[in-house]
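Report on the structure
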Amino acid sequence: QVQLTESGGGLVQAGGSLRLSCAASGRTFSDYVMAWFRQAPGKEREFVAARNWSGGNTAYADSVKGRFTISRDNAKNTVYLQMNSLKPEDTAVYYCAARPFFLVKYDYWGQGTQVTVSS
């Protein structure tokens, strides 16, 4: 059974940094795309960043380019989202997601971790 477990959220001041972790288990993810999404109160869930598990291809939302970095640690089966220069508008619940590379829809989701950026 696939499980994605996020951690690392919290409260940080504007301009600060946080690193989110997504521990993945239950299968081999070498042919998967791993992604981060977020959902702010009263807003729809939005894409933040994604990368192929095996390759180096990455994609970012325009709103986070140059500030956020998605990476993975094969040995720990974990995907990270390094968030720098945080802004109050980055406040949201952040979700880890996974899909096979040949599909568009994300099949697996974590439970989410809250990130709050104070001004």
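Conventions we followed
- Residues numbered from 1 in each chain as written.
- Predicted model: local features only at pLDDT ≥ 70, side-chain atom pairs only at ≥ 80, totals over all residues.
- Heavy atoms only, no water.
- Phe/Tyr/Trp six-rings, centres within 6.5 Å; stacked < 30°, edge-to-face > 60°.
- Helix = DSSP H or I, 4+ residues; strand = E, 2+ residues; numbered from the N terminus.
- Buried < 20%, exposed > 50% of the residue type's maximum accessible area, 1.4 Å probe, protein only.
- Disulfide = S-S within 2.5 Å.

A word on the packing of aromatic side chains. In this structure the tally under the stated criterion is eight aromatic pairs. With a centroid separation of 5.0 Å and 55 degrees between ring planes, the pair formed by F37 and W109 is classed as tilted. In this pair, F37 is assigned in strand β4 (residues 32-39) and W109 in strand β10 (residues 108-109), connecting sequence segments 72 residues apart. For F37, a relative accessible area of 12% translates into the label buried. Look at W109 and you get partly exposed, because its relative accessible area is 30%. Here F101 and F102 contribute two aromatic rings whose centre-to-centre distance is 5.3 Å and whose plane-to-plane angle is 85 degrees, an arrangement assigned as edge-to-face. Of the two residues, F101 and F102, both sit in the exposed class.

Enumeration according to the criterion identifies one disulfide in this entry. One disulfide in the model links C22 with C96; its S-S distance is 2.1 Å. Its torsion about the S-S bond being -75 degrees, the disulfide of C22 and C96 is classed as left-handed. With C22 in strand β3 (residues 18-25) and C96 in strand β9 (residues 92-100), the pair connects residues that are 74 residues apart, well separated along the chain. Side by side, C22 and C96 carry an identical accessibility label, which is buried.

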